[in-house]
Amino acid sequence: MSLIPFAILALLALLSALGVILSKNAVYSALWLLAHFLIIALMYFALSAQFLGIVQVIVYAGAIVVLFLFVIMLIGGTITPIKHESRPYARIAATIFGAIFLLGLLFAVAQGVTNLPAPQGAPDAGSVQAVGGPLYTTYLLPFELASVLLLIGMLGGIVLALKERKRL
Amino acid sequence: MIPTTYILLLSAIIFTIGAVGVLVRRNALIIFMSIEMMLNSVNLTLVALANQWGNLAGQIFVFIVIAVAAVEVAVGLAIIMAIVRHKDTTNIDEVHLLKG
């Protein structure tokens, strides 16, 4: 990917990120979040991480955003402009914090990551085959632990939902 | 090819937007979305660096992070649902059960 498509994608990613935090309605936030995740998935493809791009679309755009939308629809999204939602001093403090934090991060990148050689990744470095090999050999233990974590998370979700139902 | 530095700068900005979102918004759902955005920006960093050094470890790390994020969303949204049933609000300023 050359620079101009990247610049367009980056701009869209930033716009959708701002859309998430500035929308009045939580549903619009979730839709901006969907756009953001899809743009990031495109960037993964451009960075020769095809498998992760697909996983990003399936898990983030397909599962997580849909889960968010389910919950918003269930509890009835409230529409509150940021003005009424947060206190003015909190907004000012957050903006100042954000500016300082961003300056720090940009400074760290500019200082720490200079004169990098050209990226060494092969175009098919992130194919399913290339990622699957190490995932099932070298990184088998973290992979299995992730499956245990998913099981525990599922049980946790069920327990949280059941307990409240008994009380009602 | 895109220089890795540009991608690192982009994800730094996205991370900051997410952090400011957590601080500014009071709606628990939107705070949660901002946290997801921050996680995603770090994933982008890891993928960019995996591409930079031709090393797959970063991509596998991202894979595990995505699994953890899925669990986190499931449990977190269950907690938000429980809070809404209990207090009928998603405004985190009104949820202060643990405040002394």
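Just so you know, these numbers come straight off a predicted model, no measurement behind them. (Residues numbered from 1 in each chain as written. Chains lettered and ligands numbered in written order. Predicted model: local features only at pLDDT ≥ 70, side-chain atom pairs only at ≥ 80, totals over all residues.)

Looking at the overall build of chain A
Here is step 1 of the chain: The number of helices and strands found in chain A is seven helices and zero strands.
Here is step 2 of the chain: In chain A, which comprises 168 residues, the proportion classed as buried is 24%.
Here is step 3 of the chain: Considering only contacts within chain A whose residues lie at least 6 apart along the sequence, 60% involve residues at least 24 apart. (Helix = DSSP H or I, 4+ residues; strand = E, 2+ residues; numbered from the N terminus. Buried ≥ 20, exposed ≤ 12 C-beta atoms within 10 Å, placed from the backbone. Contact = placed C-beta atoms within 7 Å.)

Overview of the overall build of chain B
Here is step 1 of the chain: What chain B contains, in helices and strands, is three helices and zero strands.
Here is step 2 of the chain: For chain B, the sequential pattern of α-helices and β-strands runs α-α-α.
Here is step 3 of the chain: Its C-alpha radius of gyration of 17 Å places chain B more than 25% over the 13 Å reference for a compact globule of 100 residues.
Here is step 4 of the chain: Considering only C-alpha atoms, chain B reaches an extent of 50 × 25 × 25 Å along its principal axes.
Here is step 5 of the chain: Expressed as a percentage of the 100 residues in chain B, the buried residues total 55%.
Here is step 6 of the chain: Restricting to contacts in chain B with at least 6 residues of sequence separation, those with at least 24 account for 44%. (Rg over C-alpha atoms; globule rule 2.2 N^0.38 Å.)

Here's the deal with the packing of helix H3 (residues 50-75) of chain A against helix H3 (residues 57-87) of chain B
Here is step 1 of the chain: At their nearest, the axes of H3(A) and H3(B) sit 11 Å apart, and the two run at 5° to each other. It follows that H3(A) is roughly parallel to H3(B) by the angle criterion. Residues A:Leu52, A:Val55, A:Val59, A:Ala63, A:Ile64, A:Leu67, A:Val71 and A:Ile75 of H3(A) form the contact with H3(B), whose participating residues are B:Gln59, B:Val62, B:Phe63, B:Ile66, B:Ala70, B:Val73, B:Leu77, B:Ile80, B:Met81 and B:Val84.
Here is step 2 of the chain: Here the contact of H3(A) with H3(B) is composed, by residue class, of 17 nonpolar, one polar and no charged. (Axes fitted to C-alpha atoms, helices over the stretch in contact; angles between N-to-C directions. Parallel < 35°, antiparallel > 145°, perpendicular 65-115°, else oblique. Nonpolar A, V, L, I, M, F, W, Y, C, P; charged D, E, K, R; others polar.)

Section: the interface of chain A and chain B
Here is step 1 of the chain: Each partner contributes to the interface: chain A provides 74 residues, whereas chain B provides 58 residues.
Here is step 2 of the chain: Elements represented by at least two residues in the side of chain A that touches chain B include exactly helix H1 (3-22), helix H2 (26-46), H3, helix H4 (82-85), helix H5 (88-112), helix H6 (128-136) and helix H7 (140-167) of chain A.
Here is step 3 of the chain: Looking at side-chain class alone, the side of chain A that touches chain B contains 57 nonpolar, 14 polar and three charged residues.

Notes on the confidence of the model for chain A
Here is step 1 of the chain: Confidence along chain A averages 86 in pLDDT terms, with 89% of residues attaining 70 or more.
Here is step 2 of the chain: When pLDDT is averaged over each helix and strand of chain A, the minimum, 61, is found for H4(A) and the maximum, 93, for H2(A). (pLDDT = per-residue confidence, 0-100.)

Some words on the nonpolar core
Here is step 1 of the chain: By size, the foremost hydrophobic cluster in this structure holds 64 residues, and its most contacted members are B:Leu29, B:Met33 and B:Val47.
Here is step 2 of the chain: Taken together, the elements giving at least two residues each to this core come down to H1, H2 and H3 of chain A together with helix H1 (4-24), helix H2 (28-53) and H3 of chain B.
Here is step 3 of the chain: Non-local contacts of B:Leu29, meaning those with residues more than four positions away in its chain, are made with A:Ala26, A:Phe68, A:Val71, A:Ile72, B:Ile80 and B:Thr90. (Core = buried A, V, L, I, M, F, W, Y, C linked by C-beta atoms within 7 Å.)

Comments concerning unusual backbone geometry
All names here are of chain A.
Here is step 1 of the chain: Even without being glycine, Ser48 reaches a positive phi, approximately 55°.
Here is step 2 of the chain: Relative to the elements of secondary structure, Ser48 occurs in the loop between H2 and H3.
Here is step 3 of the chain: By the C-beta count within 10 Å, which is 23 here, Ser48 ends up buried.

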